[in-house]
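Commentary on secondary and tertiary structure
Read off the chains here:
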Amino acid sequence: MAKTIEVNRLYAGNIHRKGQLSEIWKRLKKNRLAVAGMYFVILLLLVAVFANYIAPYPYDKANMVERLQYPSLKHWMGTDNFGRDLFSRLIVGTRVSLMVAAFAVTISLFFGSILGYTAAYIGGIYETFVMRIMDAFLSIPSIILAIAIAVSLGFGVTSTAIAIGFSNIPVFARVSRAAVLTIKDNEFIEAARSNGAGNARILIRHIVPNSLAPILVQISLSLANSILVISSLSFVGCGVQPPTPEWGSILSVGREYIGDFYPFLVFPGIFISVTLISFNLFSDGLRDALDPRLK
Amino acid sequence: MIRYILKRILMLIPVLFLVLFIVFTINYFSPGDPVSSIVGAEATMEQRARVRESLGLNDSFIVRFGRYVLNVATKLDLGTDYITKRPVRDEIFERLPTTLSLTFLAIALASVVGITLGIISARFQYSIFDYMSTLFSLIASSMPAFWIGLMLLMVFALKFRMLPSSGFNSPRHWILPVATIAFNVLAIVTRNTRSSMLEVIRQDYITTARAKGLGEVKVIAQHALKNALIPVFTVIGVQIGRTLGNAVVVETVFSIPGLGSLMVTAVKMSNFEVVQGCIIIIALSFCVINLIVDLLYAFLDPRIKGQYMKAGKRTIAKAAKSGGSANG
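As the structure is a prediction and not an experimental result, all values here were calculated from the model.

This part takes up the overall build of chain A. If you tally the helices and strands in chain A, you get 14 helices and zero strands. Overall, chain A shows an N-to-C arrangement of helices and strands of α-α-α-α-α-α-α-α-α-α-α-α-α-α. Dimensions of chain A, computed from the C-alpha atoms along their principal axes, are close to 75 × 45 × 30 Å. Within the structure as shown, chain A displays about 13,200 Å² of accessible surface, and the carbon and sulfur contribution to it stands at 65%. Distance between charge centres in chain A, computed from 26 positive and 17 negative side chains, equals 7 Å.

Take a look at the structure:
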């Protein structure tokens, strides 16, 4: 499990390595909502990976005879305006949403943490310069910024991911900078330096592992936020475009049938909401478990 | 205090300049060509070149950016909408009040209802009401605003025909959009009021107030609330950006002629001048709102005010940094 490895690395070099990890797990376990959220996130990941096996029909198989059918045993969530099975489309939509979100968060994590770490570590004019630019980015609401970037890249899956990824860089820059600032002046950093460790070694061996906790939480929060922004962008028509089964784009087509065909509107929204709720519950629980002082 | 306010206003200028730069750069690399939308597809190469020259599109990036900044700064001129041939500024300012009032009404509604729910929840902790409102805020804070809008529209406008489904003419039209936009913030405000209230209620001075025989309403309203609300206001301030973003998306659900629908239409028509103008104005509104919120804190919280009064440079810079918090 990727999370375990991450958390393990977080406390690498600590004598109580196992103790720390099981402490975190114990604290997380106490929060039943967070555990429920975690299991749901895992379930979603499995659904995304095995989407093709879970979906009862091919997501793009049109059948004009069976268009706009209400939920039945044959089509659990009904069919859309081309007679395609909605359940299958939403299952494959899980994969699209999670993939785009993961790609976006990777971009923001990569650039954001490089900027944040270097800003905090180097300081001075460089830090002021970087953080002022990040402030300017943050003064544009993230959905608006994502729309702007998506416009210049053209619409589609990749450009949506890039747009959302870039619009989230400042958040990661801020979080990682703050994380480094809190540990930069600790004695163990000084000790490492007096032992002759160079900047790169200190950064990679000491600062990065010790500042991971808030970044992990931010990754989880940003995944949820990215999924929300993807569906919003696709809904207004600036994101993933209709033939691709994405929750927001399914909703934007379903909107035309708002007066007379409810499954088209209700089920995609439930998928988005449940996904966001479980990610947010898990993030909150993870934050409390990683840093008990915050509670 | 006045010096602090002036300083904060001056600090807006570099941020806005950077916003202009970011938006202009994004726009500069956009694939669309305004010339085609002006002269039409059948124009000759010569015509195109002439239009291109007259718009100054042949100049270098720096020259064009400089000209844009100069126009914005001196005349508030955001360029011309190539499709309607009207100044972008006029189009935006016709619609800006709608979007801003939607945002403000939603924030106001969410604050009033959220704070009330939060207080009741905290006062009757572990009651049925508390569980219900906690569950509600848990779910509602994670629901996408545009979907809430669609659901409300489906139920109240189309199923029961209680409220109009689109347009923005009478107060009845405002109910659904404002409720939709308020939903997320309402949930977050409820949750934060509850936890901050619970913290305050356990403090000694509340016990003292009760011990000296003060009525429960007075204890809550006069003693506890004052301190409990400060962190809640911070949260509301942080949520304004998200609300503004939500308003932009929700406008398309209810076909409200606001900034959001202007921007989305412009995006679809590759009308970049308008998109650029919208983003700049939204960022400007957001910065100004944040500034106002920050100044309000100073008035609300005597501790912060005291800081500013005798503050050296460091504390102000620190406060300013923590004030302009993350959005999204």
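What follows deals with the interface of chain B and chain A. Residue-level contacts link 46 residues of chain B with 45 residues of chain A. Contact between chain B and chain A buries roughly 3,900 Å² in total, counting both sides, with carbon and sulfur atoms accounting for 76%. A salt bridge links Arg191 of chain B to Asp284 of chain A, with the shortest nitrogen-to-oxygen separation between them at 3.8 Å. One can count three residue pairs in polar contact (both at pLDDT 80 or more) joining chain B with chain A. At the level of elements, α1 (2–28), α6 (128–140), α7 (145–159), α10 (216–253), α11 (259–268) and α12 (272–300) of chain B are the ones that each hand at least two residues to the side of chain B that touches chain A. Broken down by element, the side of chain B that touches chain A gets its largest block of residues, eight residues, from α10 of chain B. A breakdown of the residues in the side of chain B that touches chain A according to their chemical character gives 33 nonpolar, nine polar and four charged.

Following the sequence through the fold, Ser167 of chain A ends up in helix α8 (residues 157–167). Sequence-distant contacts of Ser167 of chain A, that is, excluding residues within four places in its chain, are made with Ser142, Leu145, Ala146 and Ile149 of chain A.

Right, let's talk about the confidence of the model for chain B for a bit. Residues with a pLDDT of 70 or more make up 88% of chain B, whose mean pLDDT is 80. Long-range and interchain partners of residues 319–328 of chain B, a stretch whose pLDDT sits below 50, account for 22 contacts in this model, where long-range means more than four residues apart.

All right, on to the packing of helix α13 (residues 247–254) of chain A against helix α14 (residues 263–290) of chain A then. All names here are of chain A. As a packed pair, α13 and α14 sit with axes 9 Å apart at the nearest point and diverge in direction by 155°. As judged from the angle between their axes, α13 and α14 are roughly antiparallel. For the crossing formed where α13 meets α14, the hand is left-handed. Taking contact as the criterion, the partners of Trp247, Ile250, Leu251, Val253 and Gly254 in α13 are, on α14, Phe264, Leu265, Pro268, Gly269, Phe271, Ile272 and Thr275. Grouping the constituent residues of the contact of α13 with α14 by class yields nine nonpolar, three polar and no charged.

So, on to unusual backbone geometry. Residues and elements named next belong to chain B. For Tyr126, which is not glycine, the phi dihedral falls at a positive 70°. Mapped onto the elements, Tyr126 comes out in the loop between α5 (88–123) and α6. Phi at Ser255 takes a positive value of approximately 45°, unusual for a residue other than glycine. One can find Ser255 in the loop between α10 and α11. Residue class for Ser255 comes out partly exposed when judged on its relative accessible area of 44%.

Calculation rules
Residues numbered from 1 in each chain as written. Chains lettered and ligands numbered in written order. Predicted model: local features only at pLDDT ≥ 70, side-chain atom pairs only at ≥ 80, totals over all residues. Heavy atoms only, no water. Helix = DSSP H or I, 4+ residues; strand = E, 2+ residues; numbered from the N terminus. Areas by Shrake-Rupley, 256 points an atom, 1.4 Å probe, with all protein chains shown as cover. Lys, Arg positive; Asp, Glu negative; His and termini not counted. Charge placed at Lys NZ, Arg CZ, Asp CG, Glu CD. Contact = heavy atoms within 4.5 Å. Buried area = accessible area lost by both parts, 1.4 Å probe. Salt bridge = Lys/Arg side-chain N within 4 Å of Asp/Glu carboxyl O. Polar contact = N/O pair within 3.5 Å; in protein donor to acceptor, adjacent residues only side chain to side chain. Nonpolar A, V, L, I, M, F, W, Y, C, P; charged D, E, K, R; others polar. pLDDT = per-residue confidence, 0-100. Axes fitted to C-alpha atoms, helices over the stretch in contact; angles between N-to-C directions. Parallel < 35°, antiparallel > 145°, perpendicular 65-115°, else oblique. Left-handed = near helix turned anticlockwise from the far one by under 90°. Buried < 20%, exposed > 50% of the residue type's maximum accessible area, 1.4 Å probe, protein only.

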